[in-house]
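# Fold and geometry: a report
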Amino acid sequence: MGFNLRDLYTVAQFIKSRCGDGLKAAEVKKDKNYVFFEVEILDSKKLQLCFLDKVEPNATIGEIKCLLHNNYPKWYPARQALTLHPNGKSLKDDEVLENLPVGTSATMFFHDLGPQLGWTMVFLAECIGPLFIYLLFFFRLPNIYLTQHDYTTSPHSVVKLACMCHSLHYIKRLAETIFVHRFSHGTMPLETIMKNCLYYWGFAAWLAYYINHPLYTTPTYGNLQINSALALFVLCEAGNFSVHLTLNNLSCTGSRPKCIPYPTRNPLTWLFFFVSCPNYTYEVGAWLGFSVMTQCVPVAIFTFFGFIQMTVWAREKHHIYTREFTNYPELRTAIIPLFL
């Protein structure tokens, strides 16, 4: 029986490759020392809640919260706040363990934030209340005004127009909450939600009471004042919606935007040339128009307080933009063009 040289060569190459792989597998690679972290979590009384061993150096605070949640299911991550000192500032979920000013043995303090609700539910709760509360006063349900005015409506057309505008505003906000806005996984404490609802619902009842009151008087300058204010209201509502659509197309990481918002072909977004938060500018403008149209003091007070709060939010957002982007347009201000 003769040998086939080609088969012999194939077997030799196979043995050579196997030996080569075996030699490579036997080589010992010198890896760098890999150090794990130890994390001790204490409560407000400095009693140990749990001790986490062999935590990855690149673990985030959010991941540490998940590990704590495994030991204490009632404290879901959104309900937790972790600090490096008993009265220190809460650590952000995206902060990395090895970047914190701690050694390989870290001590953190746990704070219970209480029951939480997602932002979608927050907006729904804040908007549904004013929408229905206003209608109770518009249709003059019993025990609101005198008995003879039960289930009647005002003869003034501006009152009916005000009801339409108020309802349109909150229906738009509800639609944006469901279909337009993109919320992060952030939440709000239930206690804060109750305060916010008390604010929005209370103001809705206050202004609705006076606008729909049987003794309500129409604006001083009649149809000219009403129609001019109505035009401002509709323009600002449309502008606010347009800006929200533009912002919805932007990507962001938490509260950090990944790109600078710019105007689109829609003229209502051109306010981006001058302010960082035109949605707040339009929101204030809409309520200013509603105040002039109804000539109602409670509406003006609500507009004033809303302007103050939205100015605070706009300045914070403007600061984030200027901090994140070195090429941010210098002409832009926070909420009022060229001024604030």
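Worth saying up front: this structure is predicted, and the values here are computed from it rather than measured.

Right, let's get into the overall build of the protein chain. The helix and strand inventory of the protein chain stands at eight helices and eight strands. Counting the 340 residues in the protein chain, one finds 38% classified as buried. Across the protein chain, contacts joining residues at least 24 apart in sequence account for 71% of those joining residues at least 6 apart. Carbon and sulfur atoms form 63% of the exposed surface of the protein chain, whose accessible area is close to 20800 Å².

Right, let's get into the confidence of the model for the protein chain. Residues of the protein chain with pLDDT of at least 70 account for 87%, and the chain-wide mean is 87. For the protein chain, the element scoring lowest by mean pLDDT is helix H1 (residues 5-26), at 49; helix H7 (residues 278-294) scores highest, at 97. Predicted confidence for residues 1-6 stays below pLDDT 50, and this span has zero contacts to residues more than four positions away or in other chains. Note on residues 20-30: pLDDT under 50 across the span, and zero contacts to partners over four residues away in sequence or across chains.

Judged by side-chain polarity, Trp270, Phe273, Phe274, Leu331 and Leu338 come together as a nonpolar surface patch covering roughly 530 Å² of accessible area. According to the relative accessible area criterion, Trp270 is partly exposed, its value standing at 43%.

Before going further, it helps to examine the pattern of salt bridges. Under the criterion given, the structure shown has six salt bridges. When the shortest N-O distance is used, the salt bridge between Lys172 and Glu237 registers 3.9 Å. You can see Lys172 sitting in helix H4 (residues 157-180) and its partner Glu237 sitting in helix H6 (residues 222-248), a full 65 residues away along the chain. The partner of Glu191 in a salt bridge is Lys195, with the nearest N and O atoms 3.9 Å apart. A residue pair is termed a helical-turn pair when its members lie 3 or 4 positions apart in one helix, as Glu191 and Lys195 do in helix H5 (residues 190-211) at four residues. Comparing Glu191 with Lys195 shows no difference in burial state: the two are exposed. Among the charged side chains, a network of salt bridges with common partners joins Lys172, Glu176 and Glu237.

On to the side chain of His244. Tracing the backbone through its elements, the reader meets His244 in helix H6. His244 gets classed as buried once you look at its relative accessible area, which sits at 12%.

Parameters at a glance
- Residues numbered from 1 in each chain as written.
- Predicted model: local features only at pLDDT ≥ 70, side-chain atom pairs only at ≥ 80, totals over all residues.
- Heavy atoms only, no water.
- Helix = DSSP H or I, 4+ residues; strand = E, 2+ residues; numbered from the N terminus.
- Buried < 20%, exposed > 50% of the residue type's maximum accessible area, 1.4 Å probe, protein only.
- Contact = heavy atoms within 4.5 Å.
- Areas by Shrake-Rupley, 256 points an atom, 1.4 Å probe, with all protein chains shown as cover.
- pLDDT = per-residue confidence, 0-100.
- Patch = residues over 30% accessible without salt bridge, like charges linked within 9 Å, V, L, I, M, F, W, Y side chains within 5 Å.
- Salt bridge = Lys/Arg side-chain N within 4 Å of Asp/Glu carboxyl O.

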